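Structure at a glance
Okay, here's what each chain looks like letter by letter:
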Amino acid sequence: MLENHHRADAWIVLSHSGFEEDLKLAAACPFADVIFAGHCHSDIYGPVRIGNTLVVKGRELGVGYATAEPGGSGWAARTCTFPNATAVPGDLATVREKISLFSRKLASPLGTVNEPYRNEELDRGRLLREIAGRLQSGLGADAVILNETALRSVPLGEVLTLGDLLAIEPFDNQLVHAVLPDEHAQDHDKLLTQLAECVGSLVIAPTPLPSAMSSVLTTGYLADSHLGGRTHQAGLRLGQAVRRVLATALPGGATEGGEQ
């Protein structure tokens, strides 16, 4: 900014750090006019004003967008949702047919939602705790570590659809066995503290973690980004684990691979 302040009328930041981090960024860089946050998997969209800086994020998963414009003595920002199209031009008929096909696929039922998740807003912490317990015993892992932001909280009815499953776990996380770096294998408290600082609330099984632990079952994202990347596949995606715990398959319903 010091090198280029005379060349710019305004400073707009596009960030991929998470909304909470962008609030800190706004406080540390008061010369920024607007910070567009993104991809932090939180329900916070703003706009939030920190000093003279606005922090705002568009609705995720293609639901909407954020705008900012100068006015008066500063900037104004808002979040918007995309409108439902009432008419589609004839030139886009083929595209509309493809969209309709995907809509039908997303509406395909995968199973009956189990209690206590039926007709409720999904409690992703509760679901992940149940998943972690099953994974630890079922796959023979020393321990399981998952982050709550690996899932989205969505309203559920009585039937789980493919669209529901993809809304809950849109990241296609692969589960892996990750070998812990020596420093983390010796100091579990430090490991959990560092992970929580980076990705938010954690779900672990068992609690407390076993003292003699050299590897954990986790997502490929956590393993590659924060645990050194020494992994081997568990042969299961997180979305498959979500489906198995969340719903009971319908008679003659979709195969296990149908969720892909």
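Residues numbered from 1 in each chain as written. Predicted model: local features only at pLDDT ≥ 70, side-chain atom pairs only at ≥ 80, totals over all residues. Heavy atoms only, no water.

1. Brief notes about the overall build of the protein
Put simply, the rule reads: Strands are runs of DSSP state E lasting at least two residues, helices are runs of H or I lasting at least four, and both sets are numbered from the N terminus onward. Using a 1.4 Å probe on the protein chains alone, a residue whose accessible area is under 20% of its type maximum counts as buried, one over 50% counts as exposed, and one in between counts as partly exposed. Should any heavy atoms of two residues lie within 4.5 Å, those residues are counted as being in contact. We get accessible surface area from the Shrake-Rupley algorithm with a probe of 1.4 Å; when it comes to residues, only the shown protein chains can shield them. By the counting scheme adopted, Arg and Lys are positive, Glu and Asp are negative, and His together with the chain ends is not counted. For this purpose, a charge sits on NZ of Lys, CZ of Arg, CG of Asp or CD of Glu.
Scanning the protein for helices and strands turns up 8 helices and 14 strands. Its C-alpha atoms give the protein principal-axis dimensions of roughly 60 × 55 × 30 Å. In the protein, which comprises 260 residues, the proportion classed as buried is 36%. Once local pairs closer than 6 in sequence are excluded, the contacts in the protein between residues at least 24 apart make up 60%. A total accessible area of about 14,600 Å² is found for the protein, and carbon and sulfur atoms account for 52% of it. Looking at the protein, you have 21 positive and 30 negative side-chain charges, and the mean spots of the two groups are 6 Å apart.

2. Thoughts on helix α1 (residues 19-28)
What counts is decided by this rule: Directions drawn from the helix axis to the C-beta atoms are what define this arc.
Residues F19, D22 and A26 constitute the buried set of α1. Buried positions in α1, seen along its axis, are confined to an arc of 50° and lie on one side of it. Exposed and facing more than 90 degrees away from the buried side of α1 are K24, A27 and A28. Its buried side turned inward, α1 meets β2 (34-37), β3 (48-50) and β4 (53-57).

3. Examining the side chain of T53
So the rule is basically this: We define a polar contact as two N or O atoms separated by no more than 3.5 Å, with the added condition that, inside protein, one atom must be a possible hydrogen donor and the other a possible acceptor, whereas residues neighbouring each other in sequence contribute only through side-chain atom pairs.
Structurally, T53 is set in strand β4. The buried category is assigned to T53, whose relative accessible area is 0%. In terms of polar contacts, T53 uses its side chain to reach the backbone carbonyl oxygen of A32, at 2.5 Å. Ignoring any residue separated from it by four or fewer positions in sequence, one finds T53 in contact with A26, C29, P30, A32, D33, V34, I35 and V48.

4. What to know about the environment of A66
Among the structural elements, A66 can be located in strand β5 (residues 64-71). Each C-alpha atom of the pair A66 and D123 lies 27 Å from the other, and the pair is 57 residues apart in sequence. Apart from residues no more than four positions distant in its own chain, A66 is found in contact with F36, V56, K57, G58, R78 and T79.

5. Describing the sheet that holds β3
What counts here: Following DSSP output, two strands are said to pair if at least two bridges run between them. Axes here refer to lines fitted to C-alpha atoms; in helices the fit is confined to the stretch in contact. Angles between the N-to-C directions go from 0 to 180 degrees.
Read across the sheet, 4 strands follow the order β1-β2-β4-β3 without closing on themselves; strand pairing throughout is mixed. Looking at which strands have only one partner, the edges of the open sheet turn out to be β1 (12-14) and β3. The average angle at which neighbouring strand axes cross in this sheet is 20°, direction not considered. Bridge count between β2 and β4: 4 bridges; the pairing is parallel. The partner of I35 across the bridge, within β4, is V55.

6. Quick word on the sheet that holds strand β9 (residues 159-161)
Across the sheet, which stays open at both edges, the 3 strands sit in the order β9-β7-β14 with antiparallel pairing between neighbours. Lying at the two open borders of the sheet, with one neighbouring strand each, are β9 and β14 (247-249). Strand after strand, the sheet turns through a mean of 45° between neighbouring axes, direction not considered. Bridge analysis of strand β7 (residues 109-113) against β14 gives 3 bridges, and the strand direction is antiparallel.

Geometric values such as these leave the question of function open.
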